[in-house]
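Read off the chains here:
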Amino acid sequence: MSLQLGQSAPDFEQQSTQGKIRFHEWLGNSWGIFFSHPKNFTPVCTTELAEVARLKPEWDKRGVKPLGLSVDDVEAHNLWEKDIEETQGHALNFPMLADTDKKVANLYGMIHAETDPNVTVRAVYVIDPNKKIRLSLTYPPSAGRNFSEILRAIDSLQLTDTQKVSTPVNWEPGQPVIISPSLTNEQAKERFPQGWKELRPYLRMVQLLN
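Residues numbered from 1 in each chain as written. Predicted model: local features only at pLDDT ≥ 70, side-chain atom pairs only at ≥ 80, totals over all residues. Heavy atoms only, no water.

**Some thoughts on helix H4 (residues 74-88)**
Rules: Elements are defined by DSSP. Helices are runs of H or I of four residues or more, strands are runs of E of two residues or more, and each kind is numbered from the N terminus. In this analysis, the expected span of each helix is defined as 1.5 Å times one less than the number of residues it contains. Residue contacts are counted whenever heavy atoms from the two residues lie within 4.5 Å of one another.
If you check H4, its first and last C-alpha atoms are 20 Å apart, about what 15 residues at 1.5 Å a residue would give, namely 21 Å. Summarising the contacts, the buried residues of H4 are in contact with helix H2 (43-54), strand S4 (64-70) and strand S5 (96-98). Remark: Gly89 follows H4 within two positions and exhibits a positive phi of approximately 80°.

Have a look at this one:
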């Protein structure tokens, strides 16, 4: 199943390390980052899960709930959590789905038969409070994810949901943004009285006010 941006994130019910999760109900009015791991007790995944746990203040600041998944069972997840805490220094503080029947992995297209039909790839979905998929990434099993980039993308999504702007290449919060081409200069003056730098009529850079 190929999920596309703007599509509703499929709902599901599955066991996790924090009990049974009904996804849409669990997400509530929050944003979510839903990501899969190929297999428990593997090195790259161990470092990734610890990083997600370490970033809890950043997820909380943005109103984001993390949810992990692999096709191992709850008992294996609980044993692995001990390894993660001992080797990485961060105990897990978010649920991990125990998708032993691969129901959710198949629902979200996390298993790529040409890679390995028995495990999930490193898929990432960012889902908004309306349960819409806003970002998707797929990494090969050998490449660990950059969660700083995922946070940056969420910052962009949350900003551009409230402002008539888009974010340029390598943008970081606090840097200038691009005024939407759909706004005339008169409309832009009302929204951005601080003024902007016009590189081209379609490329107007503005520094947002705090």
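Anyway, onward from the coordinates.
**Brief notes about the side chain of Asn40**
We apply this condition: Throughout this description, a polar contact denotes any pair of N or O atoms lying within 3.5 Å of each other; where both atoms belong to protein, one of them has to be capable of donating a hydrogen while the other can accept it, and for residues adjacent in sequence the pair is counted only when both atoms sit in side chains.
As for its position among the elements, Asn40 is in the loop between strand S3 (31-36) and H2. At 2.8 Å, the side chain of Asn40 forms a polar contact with the side chain of His77. Apart from residues lying up to four places away in sequence, Asn40 is in contact with Ser70, Asp72, Ala76, His77 and Trp80.

**Points about the pairing of strand S6 (residues 122-127)**
For a regular strand, side-chain orientation follows a simple rule: the groups alternate between the two sheet faces. Where we set the bar: Note on classification: 1.4 Å probe, protein chains only; a residue is buried when its accessible area is under 20% of the maximum for its type, exposed when over 50%, partly exposed between these limits. Two strands are counted as paired when DSSP detects at least two bridges linking them.
Counting buried positions over the six residues of S6 gives six, a clear majority of the element. Of the strand pairs in this sheet, S3 and S6 are connected by four bridges, and their pairing is antiparallel. Following the sheet pairing, Ile33 is matched in S6 by Val126. As paired strands, S6 and strand S7 (residues 133-139) are joined by six bridges and run antiparallel to one another.

**Regarding the packing of aromatic side chains**
To keep it simple, the criterion reads: Pairing of aromatic side chains here covers Phe, Tyr and the six-membered ring of Trp, requires ring centres within 6.5 Å, and sorts the geometry by plane angle: under 30 degrees stacked, over 60 edge-to-face, intermediate tilted. Whether a charge lies above a ring is judged from NZ of Lys or CZ of Arg, which has to be within 6 Å of the ring centre and within 35 degrees of the ring normal.
This model, assessed by the stated rule, comprises 10 aromatic pairs. Ring centres 6.3 Å apart and planes at 45° place the aromatic pair Phe41 and Trp80 in the tilted group. Taken together, the residues Phe41 in the loop between S3 and H2 and Trp80 in helix H4 connect sequence positions 39 residues apart. For the pair Tyr108 and Tyr125, a centre-to-centre distance of 5.4 Å together with 65° between the ring planes defines the contact as edge-to-face. Placement of the pair is Tyr108 in the loop between helix H5 (103-107) and S6 and Tyr125 in strand S6, with a sequence separation of 17 residues. Here Tyr125 falls in the buried class, since its relative accessible area comes to 8%. Put simply, the rings of Phe12, Phe23, Trp26, Phe34, Tyr108 and Tyr125 pair up and form one aromatic cluster. Stacked on the ring of Trp26, the Lys or Arg Lys65 has its end atom at 5.2 Å from the ring centre.

**Some thoughts on the sheet that holds S7**
Rules: Axes here mean lines fitted to C-alpha atoms, for a helix over just the part in contact, with angles spanning 0 to 180 degrees between N-to-C directions.
If you walk across this open sheet you meet the five strands as S5-S4-S3-S6-S7, and the pairing is mixed. Among the strands making up the open sheet, the edge pair consists of S5 and S7. Each strand axis lies, on average, 20° off the axis of its neighbour in the sheet, ignoring direction. Of the strands in this sheet, S3, S4, S5 and S6 touch H2, which is tilted by about 20° from S6.

**Points about the packing of H2 against H4**
The condition is simple: Between 65 and 115 degrees an angle is taken as roughly perpendicular, under 35 as roughly parallel, over 145 as roughly antiparallel, and anywhere else as oblique. Polarity classes work like this: nonpolar for Ala, Val, Leu, Ile, Met, Phe, Trp, Tyr, Cys and Pro, charged for Asp, Glu, Lys and Arg, and polar for all others, with Gly in that last group.
For the pair H2 and H4, interaxial distance at closest approach is 10 Å and the crossing angle is 75°. Relative to H4, the element H2 is oriented roughly perpendicular. Taking contact as the criterion, the partners of Cys45, Thr46, Thr47, Leu49 and Ala50 in H2 are, on H4, Trp80, Ile84, Thr87 and Gln88. Across the contact of H2 with H4, the residue classes break down as five nonpolar, four polar and no charged.

**Brief notes about the environment of Leu92**
Within the secondary structure, Leu92 is located in the loop between H4 and S5. On the basis of relative accessible area, Leu92 is assigned to the buried category, the value being 16%. Excluding residues that lie within four positions of it along the chain, Leu92 makes contacts with Leu49, Ala50, Ala53, Glu81 and Ile84.

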